[in-house]
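# Summary of the model geometry
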Amino acid sequence: MNKFKLLFLIPLFYSEFSQAQRIDKEIISFQLLKEPVFLTELSNRNYTITVKSPYNITKDDVIRISKEDHQKKVDNYQTNVENARYEHQERLKDYDAEVKKLQEKYKLESAEYSKLSAVEKIAATNGAPVLRLPSRPILNIPPMPVYQQPDLRDALIVDNKILASQIDVTGFSKGGNYLDIVIEMERTNFQDNQGKTFANQPTKITAKQGGTVKLDKTYFSDFAEIASVPTNEINLNAQEKRFLQRTIDRTRNIINENFGYQTINSTVTLATVKNKGEYDDLEKAYIYVTTNLKKLQAKSDYAPNKVAMENMQKGIDLWKTALTKVNYNDKKAVYNQKIGEYLYFNLIRLNIALGNYQEAEKYLNELQEHLVDIKLSYDANLELKRLEEKIYNN
């Protein structure tokens, strides 16, 4: 084994793959200062955040809205009763028609059965005809609405200042206006689709850096599944409260990806194939990546970090090149489906650890396209699901 591995890493061996291709896993811890898309001089790292949303709701507002909703139900009660009676009468018509149809059918079948001889009646598969009638429809009058105090634990008692206080820019001080951020949020929209509940909350983020607009984009317009049942079977207030918090968290992540200086304390599990002279490039790639991960430090404008990232990229490029050699249809190939699996998992794990979620998603999508050929173990399937959650919940 390479000296660098002996010096820095403790291998965790396992025999998940074939004897000819033993894969060793090792855990690497590192720290990194992730620089944003838009850089800011240290002396100018101050910010202000303004949130505009429809959520300026007090306790009194919640009670008032609850009483208004109750009054609407009271006002509509008589109409609902009349609708229930009308629907009942319609169901009765259908019922009477169905009963008449079944009675006529029974009469005909009985007449035919009576013509049979005793022997034929005994041999008859279904025996004598039986008249089976459906249950008569019952009139269900809706109960009179009864007012109940709203559960304030689920209520969205929050104002825009509270929402703004939940968003900070890492590495910046609050109070200045060099970075001026305005967040405009719509109310959560719910939608039923195929018996499930989906929601979205379009949110526009506008950010000026030193007076220049750097970010002006609307996010979260796509609907996401939030429940496996329709909206009439869930607590919409509680779901909206959760979805609002999710939107705030995702908004904070986007702002920090673009402007924040985030210290990443990360641990990543990487794999390497046992080399018998057939995988020199893969061993070289592994050394490039793992040794340079260990060199990273959470410092801004730290020259050794740049060199380490460049050298790490050499290893990543070797992994990417190796993927082009994989033969997914030949299990005996040197670069077979098992090699493809370990390369994809390495690339996904590493990019998640470095905070490169879009790159991680790209390799996740590629791996999923090959899952017809790659037969994942139970443990690998579980890990893949965990990696998906990290990517899509970021």
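For the structure itself, consult the block above.
Residues numbered from 1 in each chain as written. Predicted model: local features only at pLDDT ≥ 70, side-chain atom pairs only at ≥ 80, totals over all residues. Heavy atoms only, no water.

One pass over the structure, following the stated rule, counts four aromatic pairs. For the pair Y279 and Y335, a centre-to-centre distance of 5.7 Å together with 70° between the ring planes defines the contact as edge-to-face. One end of the pair, Y279, is in the loop between strand 11 (262–273) and helix 7 (280–295); the other, Y335, is in the loop between helix 8 (303–323) and helix 9 (337–353), with 56 residues separating them in the sequence. The exposure classification of Y279 matches that of Y335, with both residues buried. (Phe/Tyr/Trp six-rings, centres within 6.5 Å; stacked < 30°, edge-to-face > 60°. Helix = DSSP H or I, 4+ residues; strand = E, 2+ residues; numbered from the N terminus. Buried < 20%, exposed > 50% of the residue type's maximum accessible area, 1.4 Å probe, protein only.)

Considering only enclosed or pocket space, the largest pocket measures out at about 910 Å³ in volume. What lines the largest pocket is a set of 30 residues, among which R250, I254, E257, Q358 and N394 lie closest to the centre. Among the secondary structure elements, those contributing two or more residues to the lining of the largest pocket are strand 9 (212–219), helix 6 (236–258), helix 10 (357–369) and helix 11 (378–392). No other element matches helix 6, which puts seven residues into the lining of the largest pocket. By residue class, the composition of the lining of the largest pocket is eleven nonpolar, ten polar and nine charged. (1 Å grid on protein atoms, 1.4 Å probe; cavity = no way out; pocket = protein on both sides within 12 Å on 5 of 7 lines; lining within 4 Å. Points joined across faces, edges and corners; volume = space filled by probe spheres on them. Nonpolar A, V, L, I, M, F, W, Y, C, P; charged D, E, K, R; others polar.)

This part covers the sheet that holds strand 10 (residues 224–227). Taken together, the three strands give an open sheet; going across it, the order is 6-7-10, and neighbouring strands pair in antiparallel fashion. Every interior strand has two partners, whereas the edge strands, strand 6 (189–193) and strand 10, have only one. Taken pair by pair, the neighbouring strands of this sheet meet at an average axis angle of 40°, ignoring direction. In this sheet, strand 7 (residues 196–200) lies alongside strand 6 in antiparallel orientation, the contact comprising five bridges. Bridging from a neighbouring strand, D192 pairs with T197 of strand 7. This element, helix 6, spans strand 6, strand 7 and strand 10 of the sheet and lies at about 135° to strand 10. (Pairing = 2+ DSSP bridges. Axes fitted to C-alpha atoms, helices over the stretch in contact; angles between N-to-C directions. Contact = heavy atoms within 4.5 Å.)

Think of a sheet as strands paired side by side through backbone hydrogen bonds, with each pair either parallel or antiparallel. Spatially, 4-3-5-8-9 is the arrangement adopted by the five strands of the open sheet, whose pairing is mixed. Edge strands, defined here as strands with exactly one partner in the open sheet, are strand 4 (173–174) and strand 9. With seven bridges joining them, strand 8 (residues 203–209) and strand 9 adopt antiparallel strand pairing. Bridged to I205 within strand 9 is K217.

Okay, helix 3 (residues 77–114) next. For helix 3, spanning 38 residues, the distance from its first C-alpha to its last is 54 Å, which sits close to the expected 56 Å at 1.5 Å a residue. Those residues of helix 3 that sit buried are Y77, V81, A84, H88, L92, Y95, V99 and Y113. Where helix 3 is buried, its residues contact helix 2 (59–75) and helix 4 (118–123). (Expected span 1.5 Å × (residues − 1).)

Okay, the packing of helix 10 against helix 11 next. Relative to each other, helix 10 and helix 11 sit at 140°, their axes nearing to 10 Å. For the element pair helix 10 and helix 11, the recorded crossing hand is left-handed. Touching Y357, A360, E361, L364, N365, L367 and Q368 of helix 10 are L384, E388, K390, I391 and Y392, all from helix 11. Here the residues of the contact of helix 10 with helix 11 sort into seven nonpolar, two polar and three charged. (Left-handed = near helix turned anticlockwise from the far one by under 90°.)

Before going further, it helps to spend a moment on a nonpolar patch on the surface. Taken together, Y106, L131 and L133 make up a surface patch of nonpolar side chains, about 230 Å² in accessible area. For Y106, the location among the structural elements is in helix 3. (Patch = residues over 30% accessible without salt bridge, like charges linked within 9 Å, V, L, I, M, F, W, Y side chains within 5 Å. Areas by Shrake-Rupley, 256 points an atom, 1.4 Å probe, with all protein chains shown as cover. Salt bridge = Lys/Arg side-chain N within 4 Å of Asp/Glu carboxyl O.)

Where helix 7 meets helix 9, the axes come as close as 13 Å, and the angle between the chain directions of the two elements is 15°. When the axes of helix 7 and helix 9 are compared, the pair comes out roughly parallel. The way helix 7 lies across helix 9 gives a crossing that is left-handed. Listed contacts from helix 9 to L282, V289 and L293 of helix 7 are I339, Y342, L343 and L350. For the contact of helix 7 with helix 9, the class distribution of residues is seven nonpolar, no polar and no charged. (Parallel < 35°, antiparallel > 145°, perpendicular 65-115°, else oblique.)

Time to look at the nonpolar core. In terms of nonpolar packing, the biggest core is built from 45 residues, with L270, L282, L293, W319, Y342 and L350 touching the most fellow members. Those elements that place two or more of their residues in this core are strand 2 (23–34), strand 11, helix 7, helix 8, helix 9, helix 10 and helix 11. When residues of this core are assigned to their parent elements, the largest contribution, ten residues, is made by helix 9. Residue contacts for L293: discarding those within four places in its chain leaves I28, F30, V268, L270, M312, L350 and L354. Ranked by size, the runner-up nonpolar core spans 27 residues in total, among them V51, L156, M185 and F259. (Core = buried A, V, L, I, M, F, W, Y, C linked by side-chain atoms within 4.5 Å.)

A complete count under the given rule lists 14 salt bridges for this structure. Residue K25 is joined to E383 by a salt bridge in which the shortest nitrogen-to-oxygen separation is 3.9 Å. Within this pair, whereas K25 is found in strand 2, its partner E383 is found in helix 11, the two being separated by 358 residues in sequence. We classify E383 as buried; its relative accessible area is 15%. Across the pair K325 and D281 runs a salt bridge whose closest N-O atoms are separated by 4.0 Å. Taken together, the residues span a long stretch of sequence, with K325 in the loop between helix 8 and helix 9 and D281 in helix 7 at a distance of 44 residues. Three or more residues are tied together by salt bridges with common partners; here these are K25, R349 and E383.

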